[in-house]
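Analysis of the macromolecular model
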Amino acid sequence: FQLERTFIAIKPDGVQRGLISEIMSRFERKGFKLVAIKITVPSKDFAQKHYHDLKTRAFFDVLCDVFSSGPVIAMVWEGEGVIKYGRKLIGATDPQKSEPGTIRGDLAVVVGRNIIHGSDGPETAKDEINLWFKPEELVNYSSNAEKWLYG
Ligand code: DAT
Ligand code: MG
């Protein structure tokens with residue numbers, strides 16, 4: 001039995017603004033478990049792969065330019081309901097519409113600089129984890145907190 005996993009990335013704007021630990025702590029304190037992490041500057045080609053679903057959108061090129069403009073923190077987080085709840089922690093795509101208390105609501109202002117990415121469903125989570133990480137980069141371990149989180 002393995003809990004659900006999702007792909008989360010802190011985008012270059014989040015990294016440059018010094019928000020790495022602030023963002024990671026929200027996932028960690030909730031009770032989700034970090035199973036993979038790296039810092040990397042994605043190429044534009046890789047950014048286009050990551051965002052391939054959006055290739056017909058007018059903002060696609062700018063989106064991929066910004067995404068490949070500096071270091072990204074790529075992560076896999078694990079836990080019950082982490083895909084859907086991760087999106088809740090992140091907030092709406094447009095920070096103007098994100099609720100206070102969410103990452104984008106608290107920490108971002110405009111849609112083009114919304115600091116974080118999270119998979120939007122089980123299929124994209126699987127695809128994005130496979131795109132960003134080799135299987136051996138995912139660390140299987142049990143955390144001491146699990147029995148207190150899940151009973
Ligand atoms: P999300 O990141 O919430 O999953 P998405 O997958 O629809 O949102 O879009 C990916 C990113 O593209 C989003 O985080 C910011 C950018 N984006 C989305 N809609 C946009 C728009 N209307 N104008 C500019 N950038 C946009
Ligand atoms: Mg998306």
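Everything that follows concerns the structure shown earlier in this document.
The following refers to the structure shown. For clarity, every value in this text was computed on a predicted model and none was experimentally measured.

**Observations concerning the overall build of the chain**
Secondary structure assignment for the chain yields 8 helices and 4 strands. Helices and strands in the chain line up, N terminus first, as β-α-α-β-α-α-β-α-α-β-α-α. A compact globule built from 151 residues should have a C-alpha radius of gyration of about 15 Å, and the chain, at 15 Å, falls within 12% of that. Dimensions of the chain along its principal axes, counting C-alpha atoms only, are 45 × 35 × 25 Å. Within the chain, the fraction of its 151 residues that count as buried is 46%. Put simply, of all contacts in the chain between residues at least 6 apart along the chain, 77% involve residues at least 24 apart. In the chain, which carries 21 positive and 20 negative side-chain charges, the distance between the mean positions of the two groups comes to 2 Å.

**Describing the nonpolar core**
Membership of the largest hydrophobic core comes to 21 residues, with the highest contact counts inside it found for Ile23, Phe27, Trp77, Ile103, Ile115 and Ile116. Every element with two or more residues in this core is listed here: β1 (5-10), α2 (20-30), β3 (72-78), α5 (82-90) and α6 (103-107). Other than its neighbours up to four places away in sequence, Ile116 contacts Ile8, Ala9, Lys11, Ile23, Phe27, Ile90, Ile103 and Arg104. Grouped together as the second largest cluster of nonpolar side chains are 17 residues, Phe7, Leu63, Val76 and Ile129 included.

**Quick notes on the side chain of Arg26**
Relative to the elements of secondary structure, Arg26 occurs in helix α2. On the basis of relative accessible area, Arg26 is assigned to the buried category, the value being 17%. A polar atom in the side chain of Arg26 sits 2.8 Å from the side chain of Glu22. Aside from chain neighbours lying at most four places away, what touches Arg26 is Leu89, Gly101, Thr102, Ile103, Asp106 and Leu107.

**Thoughts on the packing of α2 against α5**
It is at 11 Å that the axes of α2 and α5 come closest, and there the two elements cross at 135°. In terms of axis orientation, α2 runs oblique to α5. Crossing hand, α2 versus α5: right-handed. Where α2 approaches α5, its residues Arg26, Phe27 and Lys30 are matched on the opposing element by Tyr85, Gly86, Leu89 and Ile90. When its residues are assigned to classes, the contact of α2 with α5 shows 4 nonpolar, 1 polar and 2 charged.

**Some thoughts on the packing of aromatic side chains**
Per the counting criterion, the structure on display carries 7 aromatic pairs. Where Phe7 meets Trp132, the ring centres are 5.0 Å apart and the plane angle is 25°; that geometry is what we call stacked. Of the two residues, Phe7 is situated in strand β1 and Trp132 in helix α7 (residues 122-132); the sequence distance between them amounts to 125 residues. The exposure classification of Phe7 matches that of Trp132, with both residues buried. Here the aromatic rings of Phe67 and Trp132 are separated by 6.0 Å at their centres, their planes lie at 85°, and the arrangement is edge-to-face. In this pair, Phe67 is assigned in helix α4 (residues 60-67) and Trp132 in helix α7, connecting sequence segments 65 residues apart. A single burial state applies to Phe67 and to Trp132, both of which are buried.

About the criteria used
Residues numbered from 1 in each chain as written. Chains lettered and ligands numbered in written order. Predicted model: local features only at pLDDT ≥ 70, side-chain atom pairs only at ≥ 80, totals over all residues. Heavy atoms only, no water. Helix = DSSP H or I, 4+ residues; strand = E, 2+ residues; numbered from the N terminus. Rg over C-alpha atoms; globule rule 2.2 N^0.38 Å. Buried < 20%, exposed > 50% of the residue type's maximum accessible area, 1.4 Å probe, protein only. Contact = heavy atoms within 4.5 Å. Lys, Arg positive; Asp, Glu negative; His and termini not counted. Charge placed at Lys NZ, Arg CZ, Asp CG, Glu CD. Core = buried A, V, L, I, M, F, W, Y, C linked by side-chain atoms within 4.5 Å. Polar contact = N/O pair within 3.5 Å; in protein donor to acceptor, adjacent residues only side chain to side chain. Axes fitted to C-alpha atoms, helices over the stretch in contact; angles between N-to-C directions. Parallel < 35°, antiparallel > 145°, perpendicular 65-115°, else oblique. Left-handed = near helix turned anticlockwise from the far one by under 90°. Nonpolar A, V, L, I, M, F, W, Y, C, P; charged D, E, K, R; others polar. Phe/Tyr/Trp six-rings, centres within 6.5 Å; stacked < 30°, edge-to-face > 60°.

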